[in-house]
Structures are given as structure tokens and as C-alpha cells.
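# Structural description and commentary
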Amino acid sequence: MCSLALFPAPLPAGQSTLCESNNELLSGGGSTEDRLKQESSPLSLYFPRESLKLHCRTESSSKAAFLDHSETLWMRSAAAWRDGGFTGLLDEITNSNTEVPKWMSVSSGFTLALIRWFSSFHGSLFPHLTMSSEDMLAEFSQVLNWSDCVVRAFAWHPHADKFALALLDDSIKIYNPKSATTPTLKHRLQKSVAAVQWKPLCASALAVACQNCLLVWHVDPCSLSTRPSSGCAQVLSQPGHSPITSISWSPSGSLLVSASPMDTAMMVWDVAAESCVPLQRVGGGGVTFLSWSPDGSHVLASTPSALFRVWETRMWTCERWPCVKGRCQSGCWSPDGSRLLFTVQGEAVIYALTFTDSPAGVPSCTSKGPQAASVVADLSETTFNTPGGDIIVGGEIQSLAWDSAGERLAVLLKGDPQEADRPAVIAVFKTRTNPVFELLPCGFVQGEAGAEARLIQFSPNFQHGALLTVCWSTGRITHVPFYFLSAGVPHFGLGGSPSLPRPQERPADFNQSLFTELAS
Amino acid sequence: MFSAEQSCWFVRKVICWRAVASIAWAVLLLPPITAVFVLLSRFSLLHPIQSVSECLSFLTSASAIFSFILLCGVIIMVGFLNLEYYTVIPTIACSKIALLGQLLHPRQFVNSLAHCIMGIIVAWCCAIAIGGRYETIAYPCTPGDGADSSHQMCLNELHFILLLAGAFVGLSHSMLGVIYNMNYVPFLTVQQYKYLRFKGSLPSLVKCSATQALYSVRNYIVVYFFLGYIPKAWICKTLNLHLNSSVHPLDSIAGLLDLNLLYQLWVSAGFLLLTWHVTLLLFRIFVTEVYSFPVQSSFTEDAHQCLPKVITGKQPMILKFLALQDLALLSQHSPLRRSEVFSLSQPGGHPHNWNAISKECLSLLNDLTQRLIAYHDTVATNGRAKSLPTGSERKTSSETSSTEDLMSPRPTFLMKTPASVFARSIVGTSQSPLTAPFTSPDPDSPFASPALRRLTAPADPWFGTVQSPHVMRRLPKLWSTPTDSQVNGSPPASPSSVPSPKQEPSKPSLLAQFLQNRKEQLPEASSQALFADSQAHIWALEGLTYLVQASFSEDQFGVVQTALPSILGCMLVLQEAVDRHFKLPHASSKPVRSASSLGDSTHKTLRFALRATLKTAIYRITTTFGSHLSAVQMSAEHRKRLQQFLENKE
């Protein structure tokens, strides 16, 4: 098993990681030319928090700014029905007890109490149901500290060199190094963006998970418009399916799945036809995180409870995977879709599940999966002795990212927000999937002083190795290239080409203590 | 139609058995639904336990069992009608008058009548189940005068209103079925097991039955309030019953404000619709289940059941659709069957399987391209100047043998929709306000040649003095129902409207004007009708491109390579035609979502699905082959378009 003790010590404060070259991570000091070098790259962006126009008030508080206008009971009831649904209506009737008959206000108050009692009972089964939708998004997002993060979501295009990012002010920007225009997408319904993802095998479609609905933008890559109209967006919504915390396109580009912790069904959308098929499984109380395997055969769906499911996508049946400790926080698939790495809340380890293909051509009702997950990496707290003093690294894991060649695995560690000397860090592993699965330490990726990593993602089409994009708490976005020779050029196909033996790049001195499938 | 299909092995061996299985399941589901209905209709809040025990004792009584058998018969009948009337290509009426034509069509009339009668039977069973004052149609009463004490039989209007409600709901179900294309069997993109699919759609089914029952009952009450006295008088006369004057008549406001009556009407209508909808849903689920055709067989007598043979067939449609669906799935999911497609024939070494499949898919796509181009031409020239000569020839040919194809090289397949589309585009859009001022050549202008004038005149049967035989020919086109209506059904009422333009040439009659107004509507429908069968094209595109993608690593003999230029060319041409079509007005407007109806609306969005699938399909090839595509032979124009895809700029 690989542990953090095998890692090279983190950099002293003020140093930041620039790239990996010749099998080691290069760092630069706080010197200006280093920074200039990094910032001169066209895709490095900086969004100072002050530059964003934030909503200073939420909508409910803006009500107080206006004079109270007395409306008739009917109007108020209708408004309450529209805003708050049935409970809102009951609340309104109960509160206006001077105008309605006494029996009505008493009975509605009684009903309201009954509903609240019942929902509190329901909420005690699934505590997440009592959270507000903002809190829920922050809790289940893959982004660390989502509610305070300047860049709330980020997505590379799977084929072209462009990416989309969602900012704190609910706008989405699309950056393309080859084009001078950066379209900004704004929509009335685009609030609290939790995730964005580009449609595979399409140049223009971008799916956005919002608080109340799902938006699919069609941004013409040749258009010169910087503000595409909201007519370019398809709105997909389903009652009871909000807030949406996670979305995932099928790699073939035909289907989109969306998940909400409030809804026990996950939706499979046929986006062009704007129709959806709910896949309902009550256990777990909702769906929080989705990840479609790159070969399209499986979907990981985690729930707010200590349970996650792995769906196979041919007949849409699922396997249940109960966890011992907490819910599944994050997961990622190997490029061939045969291996799933996942992390569990409250534990500092990475688990692996291996899926072997069912015999070719025979549609099996459930894919014969593994019996138990194995631990492949231990990321518990480790103390490094550095000249600048002891540094403690490790702990719970926020998210995982695996590059499209299957050679680098980035792990975002939460750190401890209470203690200043334990910020969130990114640990990067070298991985091999053939002939046996191996994890080898690579190093820590650090940013400038005072910057904490919030969000990590690998670029899917970087020719010279892997390119890790990191969004920092300061609002800066940097790209850390990992230069290495990869035998498997990213290959989009069903079966995959016959794989050649990878060039050996294993450091000799770590050999005996590393994780391999054979040893464990 | 059914007897013609009977000869096909597939209908005999698979579809019929699937229908039988679905009906069997519907009958098996009937007891629990009936039990719930009895409970709902007999439950009283004041005596809960007593009413439950009453329900149980009723359910075991002889009358309950008799009515249950009747209900089973109704379900079997509904299942049979589903099998008889289902279609995989929706019939889309391009104008309101065409819709009216569909509703009045004799075949539809039989359907409506059957549903009406079955509605009455179900309502009678409901009346038995509700019991109490609803149970019998007549009861002994004393005549209102009170003078003589001789007993007479009086009409129980509560029972009568329930029976009529059953008939009304049955009729409206059948009519709404036409409007919402309920006989259309949609294929879902997400494959699920039958049980899970049924379970998943059951809640929405119950909700939709309840809401539809509510609307039907509301409409029924309005109708009964105004017209209820007619059937009431008739039944009294026929059965020699009397009206009890001491009871409120129900076709009055006071009589209809009986809450219990309204509740029972709603629950009964909900029960009726739910059982029928369950039957329909089960039928759809069973019929659209994936059927796995063998790619090749070692026995020659089974050769006609293999995928390459079946996919090229034309009738029945369901067979072709299931074959294409199977192709799309096998190309996506099963390497073993893909390898059979890529294999060579044993003596000779020809890739017969691949050739047959790719040829059929390409001809389907070419067919659509031709159709789109022809439609675009007619719309662009406003249906007059350029394409009318062919158009009028087309008309005569389509009138004489209306199953003959007009544009596409493949006659019988997909005939239904183009006919109605062209009828609409030539007759209907000729005065569409959006294009008329720009493109319509003025027949009276001095620049118009007499030939042109002669040609343009028939395009508008209400314009000027028309002595052309085309008018007589064209009129049935107004109804634009597919083939059958013109083949076996005499177009109803149309001859009556013919003389009007002849008799008073300058001033069209009111009826004509009315008709003219009606047929200008539903602008989006012609676009829908054009893509009505596009599910087949979507599967063809998916199947073809997944196979091409897989061939990159799996095709050992290079059988796919030879077809690559034609596949790419075909898809690029189609892409251009689709792009052009979506620039037309109304083509890209989204249909209104109709919630709470079982009629599936996927056929309305098929054109968007096709556009998305086409783009994805081209990208699938370009991302798989990448720069290798530059070695493929193609025209400069196609290469330019393909380059856009290679650069991710489409």
C-alpha cells in the first residue's frame, strides 16, 4: 500500500510547484520571473474576488426593502402556493388567522404541525434533507469549501482546447486560447452552479447543474458573440429534482445523468428530446455524486448515506455497495473503465474496485463485479521534518482526479480549516494499470503562499503527458504540466488498442514498499 | 392490413406472443386494481371497519365475479385493439382539417364505437361495484300524481348517468388517442427490464389517469347538463320507464351538485382509464422489447431471420424498427456480434453481412436527405414555380396508387408521411404569410408566362376560375391522412365542398373560407411529419458509426474501409440538408409540452434528436480516425465540411 510517508517532503512556504519533468516536480520560488513565466501562459487566469459583482442580498431579504403592501388573502395565498408550495399555503393561512374562519386556521395549523413532525421524522432518517439547498450544494460538491469559492465549477472540453468555468457571481465563462472572444453565459435560472460538463462528441453543448434546473447551453464555437442569449440554453427541469449537485454525460454523448440529494431517483436525460427517465432506488435517500466510466459501461452514483451504487448502463441495473463508515465522497474511473477508485468520508484511504468485463457478447443481467473493495493508498496524517519545521499533511480526501492516459492520479486533501498550518494540499501519484495496478508517489502540488487548492481537474487532451488544472482559493487558476512519455496515446474507442508495455519510470529505491496488486 | 402482415413469420411468432403476454399481465393486474377501486368507491370515513368488511364480502359475491369476468373481456378487447391499431410511425396531421379527417375516418369510427361500448360495460360493472342507489337502472315507484297506487318502474338516473359517463369517457379516450397519437409505440433510449420499466412509469400513469378522468368528467357534466334530456327521453321510451318527478332531475344544477355522484363518476372514470392505460403501457413495453436477431446462421432455412435480411425488409414496420434497434445495440455493446458483421463469407470471402447492413443504412439516410431537399425546394419556391410540374404529376400518381412513392427510390417504405407533408407544403403553405410576399410569383403580373399562370393556378384551388381536373384530384389531399384513408375510405364530405369555387368564382363560399383558415394552422406539424419515422434514421446513424468506430481496432479484413467515403459523404450531405431545414421558420420551434397525457410526445422532438445524433455520429468518426481521414477520397466541399468537424468547430 502506498502511503504519504513515501512522498518527498512538501516545499517550504512561498515556493510553488511549476511542473514535472524528468520524473521530478520542479518548483519555483516567489521570484517574479517565475511567476511571470507561469502567468504568461494564456490559460492562466486570475479572478480577484473584488472584481466579481456579487449579489449582496439574497432575494428573501430584499423583500424588507419595500413597503409592505396589503394584498387580499386570495392573492397572498396564491403567492404562497407559488413560492412555498403546500406548506407555504398552510403557513400563510395559519398566520392570517384574523381574516380566515377560525376552524380553517386551526386546522391548517394542525396539518402544518403534522407535516413538520412527519418531515422531522423523515429528516432524522436522512439528516441531509433538513439542510438548505445552498448548504447541501456545499456539502456534496466536489469543490472544497464551495460556498466561498470564487471558481465554483470547471470543465475542460473533452476534444478541443477550451474550458468553461462557473464563477461565484453565477456567470459562466468559456476560454479558448485560439479565439479572442470569451463568451459569458448568464441565465435567469443559472444560480448556484454546482457542476459544468461539456458534451462529448459535440463542440458546442455545455451542461450546467443549477439550483433548480439543468441548463444545456449551445455555444457556437465560431460565433463572435460574447453574450450568447438565453435562447441558446435548453432548460431541463423535473419537479422534486433540485438542487442538482452532480451531472455526467455518457462518453458516447447521447445521454446525460443528473443527481439531486433531495430526489431518490437519478434522471437519465435524452437532452435533444428533453425527455427523462427516472431511475428510482429509495435506499440512501438521494444521489449526490455521479461519474460515468470512460468506456461508458458503468456509472458510479453515491448517496448521502453510507451506500453507493454502481449502475451498468446496458440494462440499467445496479449493484449496491454499503460502506462501513461514511458516504462515498468522490470517485474516478480508470481510462479503460475497469477500475474504480473511491474515497469515503471520514477515512483517509483510497479504495479500489475492479470490474472485469462480462464474456463478450453475452448480456449479463448484472456485471460480475468484485466482492470487496481493496485499500490501495493510505493518506492518513504524516509529519515531515523540513528545515522550516515540522509539517503535517494528510487526512480526509475531498476529490480525486485521474488523467485520461491513466498515468497520474491527483488527490485533493481537505486539511483542517481550523488550523492555519494544515491547509488543503494536492498529492499526486503515478499510476499504472497494466499489467498490474500500481500506485507510486510523485509529489505534492503547492501554490503560492496563502493559496489553498479548491478544485482539481486533468485536461483530457494534453499531448506531452498530463496537465493538471488547479483552481485556488485566491481566485487564480493555474495549470501544472506533468511531462512524461506515455505509451498509450489517449485513444477513443470501444475495445482499445493492444497496449504496449509502458516505459519503466519506477524509482528503484521505492520498489519494495509500494502498492501492487500482487503484493496485497 | 393486419391480414397482410399475418404472413410474416415475425408477427406470427413474436409480436402476437408479446401482445398475448401483455394482455395476460394486464388481466393479472386487474384484480388488485379492481379491489382498490371497490375500496375507494365504498369507503366511508364514518364507518371505516364496517365499509372494509362490506368491500370484502362484495368482492367474493357472485355478481362481483360476473362483472369481473366482463372486465377481463374488456381488457382482452382493449389489448386486441391495441395490437390492431398500433403504429411505430406516428400519423401527424398537418392541419386541423386533416385532424378532423382522421377523427372521422371509418377505421377510427370503429375504434371509437368499440371504446364507447366497452366504456358502457365497464361503467355497468362500476355501478354494480358501487352498489347502493347506483346498482339498477330501474326501480319501482309510484307515479307522481299519487292518485292510483299501482306500481310502475322508474328510471334510476344515477345508474343511467354512470353508464353514459362510461360511454363518454370511452369515446373521449379514443378521440384523444388520435389527437395525442396514443397508438404510436415509442422506443426509449434507455433500455430497462420490463418489470423495472413498468414500475418506473406506474406512478405517472396513475397520476395521468386521475387527471384525465377529472377533465373527462368535467366535460361530461357540461354535456349532460345541456343535452342529457335527449338520451334520457330515449331510454325511457325504449324501456318503457317513467321519470320519477319527486326526485330532482340530474340535468339541473341542483341535481349535478351531488358531491357523492361527482366523486363516484370521477373514481369510475379513473378506474376505467387506469385499466386501459395499464393495458396500453404493458403492450408498449412488451412490443418494444429488444429482440436479438442472429447476425448469420449456419442453416439456410433460417437465413431469412438473420439481421442482414430482416433489416432490408419493408414490411412489417415493427420488424424493421426492431432490427435497426438491435443493430444499434449490437454495434455499441457486443464485440462478438460485431465480429460476425465484419466477417467474410466462407466460400468466396465477401463481406455480405456488412454490405447488406451498410447499404440499407445508407439508403435510409439518403432517403431522408432526398425528402428534406424536396421539401426545402417546395417551400423555398413556395410550392409554385419550380417544383409544381413534378408536384402535379406526383399528385396524380399518388392519387391513383397512393402507396407509390414520390421522391425516394424506395417505394413502399416511409410512404405515409411524405405524402401528407407534400400535400401540406404545396397546398397549405402556398399562402403562408411568412414566405408569400417574397417568393410567390404573382400569376396576374405581366411577367408571368401563361404557362406559369396555368401551373400556378391549380396550386390554390380557391383562386380564380379553375377548370382543372387537379382540383377534384387534390381535394382529398386536404385530409392528408395516410394512405389508408384514401385507399379504402372514401374521403368524407369533401365532394360537397368542391362545387363552391366553380359556382361563384370570385367569392369563395363561407365553408371554403373556413376550410382555408383551418388548413393554415399547425405550422410546426409539417416539420414533425417530415421526421415522423426518424427513429429508424437515428438507429441507422448510431449503428453505422459505432460499427465504423469499432472497425478501427476490430475490423481485420478492412471491409469497412471501402465504404468509409460513401458513409462520410452520405452523412455530410444529410448534415447539410438538416442544417438547411432547421433554418426554415417553425422548424426549430419547440413543441409545447403536454403533461398529463399518456400520448408520448417523443415523436414531436424526433427532429432535434436526429440533428443531435447526426452531429455526434460525424464527430464519432472524426475523433476515432483523426488525421487518417485525410487519406479518404472525397470532394473538396465535403473535405471542407469535414475539416470543420476535425477542428471541433461545428
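Everything quoted here is computed from the prediction, not taken from an experiment.

### Observations regarding the interface of chain B and chain A
In this assembly, 35 residues from chain B lie in contact with 32 residues from chain A. Of all residues in chain B, the largest losses of buried area upon contact with chain A belong to V190, Y193 and N648 of chain B, amounting jointly to 18% of the total for that side. Taken together, chain B and chain A are joined by 0 salt bridges. Summed over the shared surface of chain B and chain A, the number is 2 residue pairs in polar contact (both at pLDDT 80 or more). At the level of elements, α13 (317-333), α14 (335-342), α26 (534-554) and α28 (606-625) of chain B are the ones that each hand at least two residues to the side of chain B that touches chain A.

### A closer look at the confidence of the model for chain B
With 75% of its residues at a pLDDT of 70 or more, chain B shows a mean pLDDT of 79. On the interface metric, ipTM, the complex scores 0.86, and its pTM is 0.82.

### Re the domain arrangement of chain B
Residues and elements named next belong to chain B. By domain assignment, chain B separates into domain 1 (9-141 + 152-288) and domain 2 (300-382 + 522-647). Computed from C-alpha coordinates alone, the two centres of domain 1 and domain 2 are separated by 42 Å. The interface of domain 1 with domain 2 comprises 30 residues on the first partner and 28 residues on the second. Taken together, both faces of the contact between domain 1 and domain 2 bury some 2,600 Å²; the carbon and sulfur share is 74%. Contact with domain 2 buries area across many residues of domain 1, yet W9, I92 and F187 alone supply 24% of it, more than any other trio. The interface formed by domain 1 and domain 2 contains 0 salt bridges. There are 1 residue pair in polar contact (both at pLDDT 80 or more) connecting domain 1 and domain 2. Per-element accounting of the side of domain 1 that touches domain 2 gives the leading share, 6 residues, to helix α2 (residues 9-42). Of the residues belonging to the side of domain 1 that touches domain 2, the class tally is 20 nonpolar, 6 polar and 4 charged.

### Here's the deal with the state of the cysteines
Under the definition given, this model contains 1 disulfide over all chains. A sulfur-sulfur separation of 1.7 Å characterises the disulfide bridge that pairs C141 of chain B with C154 of chain B. Sign of the S-S torsion, about 60 degrees for the bond between C141 of chain B and C154 of chain B, identifies this disulfide as right-handed. One end of the pair, C141 of chain B, is in strand β1 (residues 138-141); the other, C154 of chain B, is in strand β2 (residues 152-155), with 13 residues separating them in the sequence. Summarising the burial analysis for this pair, C141 of chain B and C154 of chain B share the class buried. The thiol of C213 of chain A is unpaired, and the distance to the nearest cysteine sulfur, on C210 of chain A, comes to 4.7 Å. No disulfide involves C442 of chain A; its nearest neighbouring cysteine sulfur is the one of C2 of chain A, lying 11 Å away.

### Thoughts on the packing of helix α6 (residues 106-130) of chain B against helix α11 (residues 259-287) of chain B
All names here are of chain B. α11 packs onto α6 with a crossing angle of 125 degrees between their chain directions and a minimal axis gap of 10 Å. With respect to their mutual orientation, α6 and α11 come out oblique. Our pair here, α6 against α11, has a crossing hand that is right-handed. From α6, H115, M118, G119, V122, C126 and I130 reach across to α11, where they touch Q264, S268, F271, L272 and W276.

### Let's talk about the domain arrangement of chain A
All names here are of chain A. Looking at chain A, the domain boundaries give domain 1 (1-30 + 339-356 + 371-485), domain 2 (75-130) and domain 3 (132-322). Measuring from the centre of the C-alpha atoms in domain 1 to the corresponding centre in domain 3 gives 24 Å. Each partner contributes to the interface: domain 1 provides 28 residues, whereas domain 3 provides 27 residues. Summed over the shared surface of domain 1 and domain 3, the result is 0 salt bridges. On the surface where domain 1 and domain 3 come into contact, there are 8 residue pairs in polar contact (both at pLDDT 80 or more).

### Considering the side chain of H277 of chain B
Positionally, H277 of chain B belongs in helix α11. In this structure H277 of chain B comes out as buried when scored by relative accessible area, which is 0%.

### Things to note about the environment of P308 of chain B
Residue and element names in this part refer to chain B. Structurally, the position occupied by P308 is in helix α12 (residues 307-312). Separated by 210 residues in the primary sequence, P308 and A98 place their C-alpha atoms 38 Å from one another. When near neighbours in sequence (up to four residues on either side) are disregarded, P308 contacts V295, N353, A356 and I357.

### Let's talk about a nonpolar patch on the surface
Residue and element names in this part refer to chain B. Together, V222, V223, F225, F226, L227, Y229, I230, I253 and L257 line one region of the surface with nonpolar side chains, adding up to about 890 Å² of accessible area. Listing elements by their share of the nonpolar patch, those giving two or more residues are α8 (194-227) and α9 (229-239). The element best represented in the nonpolar patch is α8, accounting for 5 residues. Looking at the element boundaries, I253 is found in helix α10 (residues 253-256).

### Things to note about helix α4 (residues 62-85) of chain B
Between its first and last C-alpha atoms α4 of chain B spans 35 Å; for 24 residues at 1.5 Å apiece the expected length is 34 Å, and the two agree. Of the positions making up α4 of chain B, those classed as buried are A64, S67, L71, C72, V74, I75, V78, G79, L81, N82, L83 and Y85 of chain B.

### Concerning the environment of L307 of chain B
Residues and elements named next belong to chain B. Checked against the element boundaries, L307 lands in helix α12. In this structure L307 comes out as buried when scored by relative accessible area, which is 0%. Sequence separation of L307 and L100 is 207 residues, and the distance between their C-alpha atoms is 40 Å. Aside from chain neighbours lying at most four places away, what touches L307 is F293, P294, V295, A323, D326, L327, L330 and I357.

About the cut-offs
- Residues numbered from 1 in each chain as written.
- Chains lettered and ligands numbered in written order.
- Predicted model: local features only at pLDDT ≥ 70, side-chain atom pairs only at ≥ 80, totals over all residues.
- Heavy atoms only, no water.
- Contact = heavy atoms within 4.5 Å.
- Buried area = accessible area lost by both parts, 1.4 Å probe.
- Salt bridge = Lys/Arg side-chain N within 4 Å of Asp/Glu carboxyl O.
- Polar contact = N/O pair within 3.5 Å; in protein donor to acceptor, adjacent residues only side chain to side chain.
- Helix = DSSP H or I, 4+ residues; strand = E, 2+ residues; numbered from the N terminus.
- pLDDT = per-residue confidence, 0-100.
- Domains from an automatic or database assignment.
- Nonpolar A, V, L, I, M, F, W, Y, C, P; charged D, E, K, R; others polar.
- Disulfide = S-S within 2.5 Å.
- Buried < 20%, exposed > 50% of the residue type's maximum accessible area, 1.4 Å probe, protein only.
- Axes fitted to C-alpha atoms, helices over the stretch in contact; angles between N-to-C directions.
- Parallel < 35°, antiparallel > 145°, perpendicular 65-115°, else oblique.
- Left-handed = near helix turned anticlockwise from the far one by under 90°.
- Patch = residues over 30% accessible without salt bridge, like charges linked within 9 Å, V, L, I, M, F, W, Y side chains within 5 Å.
- Areas by Shrake-Rupley, 256 points an atom, 1.4 Å probe, with all protein chains shown as cover.
- Expected span 1.5 Å × (residues − 1).

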